[in-house]
Amino acid sequence: MHHFHKIKTTKVSRETNDCVHIAFEIPEHLKHEFSFKQGQYLNVRFVFGEEDLRRSYSIINAPSEDNPEIEILVKHLDQGKVSTYLNQELKLGDFIEVMAPAGHFYTHYHVSNQKTYIGLAAGSGISPVISNIKEALYQEPLSSAYLFFSNKSLNEIIFKKEIDALVEKFEGRLKVIYLLSREKHFEDELFEGRISAEKLDLLFERFPEIPVQDATYFICGPSEMIKGISDYLKKEKKVPSLQIMYEYYSAPDDEGNAEMSDEFKAIPNLESMVTLIIDDDEYSFHLNSKKKSILDQALHEKLPVPFACKGGVCCTCKAQVMEGEVFMEKNFALTDDEVERGFVLTCQCHPTTNVVMLNYDV
Ligand code: FES
């Protein structure tokens, strides 16, 4: 279920100076497993010496496109070993270890819907947003979409050609506003700067035809952008939470604001016997509630547990609690319904009872 497959690359091309565009050739026997929904992502794995590195990258395609391929965009990060390798060393035809698509950043479309979708993306956050917007336009002929997309400069606008082609293809149904944060805008001062709650307020004034409260939002970018915009939409504009979907670039803690929560400090200090069910096998180990997460201890024990981000974002480490209780420190991935049904992110979990059993196979 959570296995990596070696998949051949069929396109490795430069999208901008610091972004590479990669396409995969999914072999016939994996086509079903790799069927995907708009807004989902792929986990990739690289082993560099002793290090087993996993990363998640959003699929940029929409399932309803003609011959949808599976393609991702990888932005180069200065300290990022995987992104540096993919940007600087990967060659066409190389194989990469890839897991089947996963993620919940999507809504369900219906041919009779007449809705407005609003994409709010910063930089490489465009990937899952454009995937959703394309799918909406393909599946719902009566719906329309706005995309507010911020980049540093005109040259760095990711997928500009493709996005402009979509505007032509879906004439009158897709409006795109490019915002530039480090360059003067060619058209209008309003389109300078980053996307923020204040900027969005001004943009809504400029486009009064947008049904702000009834629209469905797809947001992807840095955590402060997501938080600022979603708070503004919920509190100021009274947009129901179910109409606001967001996907983090990375765990907010990776952006420098990590600290142990008061709730974690307050859990009991106890020794627990943790049992994990993985691919029908059972594995047990002892773990102190205040020490490593269940996932980290399982990796320390060299168990075949699935993981990618280790930050509560990607959902790859999801398991269901079968016995006992755990404390989940962060959750940027599971829905309320999943949490209610006992699903947890094991990279964020600590046991709070003496016996805990988790099932990864569900
Ligand atoms: S490994 Fe990504 S949420 Fe746990």
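Owing to the predicted nature of the structure, the values given are computational and were not obtained by experimental measurement.

1. Some details on the overall build of the chain
On a plain count of helices and strands, the chain comes out with eight helices and 18 strands. On C-alpha atoms alone, the chain measures out to a radius of gyration of 21 Å, which is about the 21 Å that the 2.2 N^0.38 rule sets for 362 residues. Based on the C-alpha atoms only, the size of the chain along its principal axes is roughly 60 × 50 × 40 Å. Per-residue burial for the chain yields a buried fraction of 52% across its 362 residues. Across the chain, the fraction of contacts at a sequence separation of at least 24, relative to all contacts at a separation of at least 6, is 66%. For the chain, the computed accessible surface area is about 17600 Å², with 47% contributed by carbon and sulfur atoms.

2. Some details on unusual backbone geometry
One non-glycine residue, F159, adopts positive backbone phi at about 60 degrees. Position of F159 among the secondary structure elements: in the loop between strand 8 (144–151) and helix 3 (160–169). Overall, F159 belongs to the buried group, its relative accessible area being 3%. A positive phi angle is found at D280, which is not glycine, with a value near 70 degrees.

3. Some remarks on the pattern of salt bridges
The full count for this structure, using the stated rule, is 18 salt bridges. Among the ionic contacts, a cluster of salt bridges with common partners joins R45, D52, R54 and E97.

4. Quick notes on the domain arrangement of the chain
Interfaces are often sized by the amount of accessible area the parts lose when they come together. Per the domain assignment, the segments of the chain are domain 1 (4–99), domain 2 (116–249) and domain 3 (262–359). Measuring from the centre of the C-alpha atoms in domain 2 to the corresponding centre in domain 3 gives 35 Å.

5. Things to note about the UniProt feature "domain: FAD-binding FR-type" (unreviewed entry) in the chain
Under the feature "domain: FAD-binding FR-type" (unreviewed entry), the UniProt entry names residues 2–108. Secondary structure content for residues 2–108 is 7% helix and 44% strand, while the C-alpha to C-alpha distance between its ends is 25 Å.

6. Observations regarding the side chain of S127
As for its placement among the helices and strands, S127 is situated in helix 2 (residues 126–139). Apart from residues no more than four positions distant in its own chain, S127 is found in contact with S58, I59, I60, L73 and F159.

7. Topic: the side chain of T346
One can find T346 in the loop between strand 16 (343–345) and strand 17 (349–351). If we ignore the near neighbours within four places in the chain, the residues touching T346 are S293, I294, L295, C317, A319, L358 and Y360.

8. Points about the packing of aromatic side chains
The geometry of an aromatic ring pair comes down to the distance between the two centres and the angle between the two planes. Counted according to the given criterion, the structure contains 15 aromatic pairs. Taking the centre distance of 5.8 Å and the plane angle of 20 degrees together, the rings of F46 and F48 count as stacked. The buried category is assigned to F46, whose relative accessible area is 8%. A ring pair is formed by F264 and F327, whose centres lie 5.9 Å apart and whose planes are at 0 degrees; its orientation type is stacked. Residue F264 is located in helix 6 (residues 262–265), and its partner F327 is located in strand 15 (residues 326–328); the two are separated by 63 residues in the primary sequence. For F264, a relative accessible area of 5% gives the class buried. Using a relative accessible area of 16% as the deciding quantity, one classes F327 as buried. Taken together, the ring pairs connect F105, Y109, Y117 and F218 into an aromatic cluster. The aromatic ring of F264 is capped on one face by K290, whose charged end is 6.0 Å from the ring centroid. Positioned above the aromatic ring of F343 is the side chain of K318, whose terminal nitrogen or guanidinium carbon lies 4.8 Å from the ring centre.

9. Details of the sheet that holds strand 10 (residues 216–221)
Ordered in space as 9-8-7-10-11, the five strands form an open sheet in which the pairing is parallel. Sheet topology places strand 9 (174–180) and strand 11 (244–248) at the edges, where each strand pairs with a single neighbour. Across the sheet, the mean angle from the axis of one strand to that of its neighbour is 10 degrees, orientation sign disregarded. Bridge count for strand 7 (residues 116–122) against strand 8 is seven bridges, and the pairing is parallel. Across the sheet, I118 pairs through a bridge with Y146, a residue of strand 8. Seen against the sheet, helix 2 touches strand 7, strand 8, strand 9, strand 10 and strand 11 and runs at an angle of roughly 165 degrees to strand 8. On the sheet, helix 3 packs against strand 8 and strand 9 and is oriented at approximately 150 degrees with respect to strand 9.

10. Things to note about the sheet that holds strand 4 (residues 51–58)
Taken together, the six strands give an open sheet; going across it, the order is 4-3-6-1-2-5, and neighbouring strands pair in antiparallel fashion. Only two strands of the sheet have a single partner each, and these edge strands are strand 4 and strand 5 (70–75). In this sheet, adjacent strand axes meet at a mean angle of 40 degrees when their direction is disregarded. Bridge count between strand 3 (residues 41–48) and strand 4: eight bridges; the pairing is antiparallel.

11. Things to note about the pairing of strand 5
When you tally the buried positions in strand 5, you get five out of six residues, the bulk of the element. In this sheet, strand 5 lies alongside strand 2 (residues 19–25) in antiparallel orientation, the contact comprising six bridges. Bridge assignment links F24 to a residue of strand 5, and that residue is I70.

Parameters and conventions
Residues numbered from 1 in each chain as written. Predicted model: local features only at pLDDT ≥ 70, side-chain atom pairs only at ≥ 80, totals over all residues. Heavy atoms only, no water. Helix = DSSP H or I, 4+ residues; strand = E, 2+ residues; numbered from the N terminus. Rg over C-alpha atoms; globule rule 2.2 N^0.38 Å. Buried < 20%, exposed > 50% of the residue type's maximum accessible area, 1.4 Å probe, protein only. Contact = heavy atoms within 4.5 Å. Areas by Shrake-Rupley, 256 points an atom, 1.4 Å probe, with all protein chains shown as cover. Salt bridge = Lys/Arg side-chain N within 4 Å of Asp/Glu carboxyl O. Domains from an automatic or database assignment. UniProt positions renumbered as here; feature names shortened; annotations may be inferred. Phe/Tyr/Trp six-rings, centres within 6.5 Å; stacked < 30°, edge-to-face > 60°. Lys NZ or Arg CZ within 6 Å of the ring centre and 35° of its normal. Pairing = 2+ DSSP bridges. Axes fitted to C-alpha atoms, helices over the stretch in contact; angles between N-to-C directions.

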